[in-house]
Structures are given as structure tokens and as C-alpha cells.
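Results of the structural survey
What follows is each chain in one-letter form.
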Amino acid sequence: MCNTFTKGITLSTVHTMKGQEFDIVFLIGMDDGTFPDYRAVQKNGVDLKQEKNNLYVAFTRAKRFLYVTYPMQKTMPWGALKGRTKSRFLEVFDDYCL
């Protein structure tokens with residue numbers, strides 16, 4: 001029997017996924033300040049729009065399943081825990097999530 005799934009996994013960033021498709025895609029770290037990046041949020045202009053376009057590209061790379069996660073808290077480089085909120089880009093999907 002022919003296996004239609006590729007063996008192994010591919011680790012990639014959202015920014016390098018353009019032109020590729022996978023049966024299953026996991027997007028991790030989808031919290032505000034990480035995606036969109038805090039610098040794009042501060043500028044609130046073209047960079048923020050580009051981040052939103054990159055997310056669209058990432059979403060459309062999944063052929064069958066798309067899993068999106070974000071942390072409730074994050075350990076900062078100096079060791080402190082900081083509460084996180086989901087990316088502002090995900091709020092439009094609230095009615096579709098299980």
C-alpha cells in the first residue's frame with residue numbers, strides 16, 4: 001500500500017513557508033508581541049500589514065489540518081514570567097474555534 005504522507009517533519013518559520021504545502025501545519029507562539037512581532041505593533045503600519053499577510057500565507061500552507069497555539073505565559077530572557085494574550089490576528093476566528 002502506498003503511503004501518501006511524507007516521513008518526518010519539516011521545521012520552518014512562517015516567513016519561509018511561501019510556495020510550500022503540507023498535510024498538517026502547526027503554528028506555535030501565536031501570541032501578541034510574538035506574532036505580530038512587538039516591533040511591528042509599535043510601528044502600527046506597513047510592518048503590521050506584512051505580518052498579517054505572512055499569517056495568511058502560513059494558514060494556507062495546510063492542506064488538511066491546521067493547529068494554532070499560543071502560550072498563556074512566557075519566560076522572559078531575564079527569567080521572569082510574563083502573561084501572554086493570543087495574537088490580535090486570531091480574534092476574527094473566535095466563532096470558528098472548538
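Right above here is the structure, for reference.
Residues numbered from 1 in each chain as written. Predicted model: local features only at pLDDT ≥ 70, side-chain atom pairs only at ≥ 80, totals over all residues. Heavy atoms only, no water.

**Describing the side chain of Arg84**
By the element assignment, Arg84 lies in the segment after strand 4 (81–83). Taking relative accessible area as the criterion, Arg84 reaches 14% and is therefore assigned buried. Engagement of the side chain of Arg84 in a polar contact is seen with the side chain of Asp31, the distance being 2.5 Å. Polar contacts involving the side chain of Arg84 include one to the main-chain carbonyl oxygen of Asp32, which spans 2.8 Å. Apart from residues no more than four positions distant in its own chain, Arg84 is found in contact with Asp31, Asp32, Gly33, Thr34, Pro71, Met72, Gln73 and Lys74. (Helix = DSSP H or I, 4+ residues; strand = E, 2+ residues; numbered from the N terminus. Buried < 20%, exposed > 50% of the residue type's maximum accessible area, 1.4 Å probe, protein only. Polar contact = N/O pair within 3.5 Å; in protein donor to acceptor, adjacent residues only side chain to side chain. Contact = heavy atoms within 4.5 Å.)

**Side note on helix 2 (residues 46–59)**
Helix length check: helix 2, at 14 residues, gives a terminal C-alpha distance of 20 Å against a target of 20 Å (1.5 Å per residue), a fit within 8%. Among the residues of helix 2, those classed as buried are Leu48, Glu51, Asn54, Leu55, Val57, Ala58 and Phe59. Of the surrounding elements, those touching the buried residues of helix 2 are strand 1 (22–27), helix 1 (38–43) and strand 2 (62–68). (Expected span 1.5 Å × (residues − 1).)

**Focus: the packing of aromatic side chains**
Throughout the structure, instances matching the rule amount to 3 aromatic pairs. Taken together, a centroid distance of 4.8 Å and an interplanar angle of 15° make the contact between Phe26 and Tyr67 stacked. Note that Phe26 is positioned in strand 1 and Tyr67 in strand 2, a separation of 41 residues in sequence. The class of Phe26 is exposed, set by a relative accessible area of 58%. According to the relative accessible area criterion, Tyr67 is partly exposed, its value standing at 39%. Taking the centre distance of 5.3 Å and the plane angle of 45° together, the rings of Phe59 and Phe93 count as tilted. Remark: Phe93 occurs in the segment after strand 4 and Phe59 occurs in helix 2; sequence separation between them is 34 residues. Joined through ring pairs, the aromatic side chains of Phe26, Phe65 and Tyr67 make up one cluster. (Phe/Tyr/Trp six-rings, centres within 6.5 Å; stacked < 30°, edge-to-face > 60°.)

**Structural notes on the pattern of salt bridges**
Inspection of every chain in the model, using the stated rule, returns 4 salt bridges. Of the charged contacts in the structure, one is a salt bridge between Lys43 and Asp47, with a shortest N-O distance of 3.2 Å. Overall, the relative accessible area of 35% leaves Asp47 in the partly exposed class. (Salt bridge = Lys/Arg side-chain N within 4 Å of Asp/Glu carboxyl O.)

Honestly, that's just the spatial picture; any functional story needs more than this.
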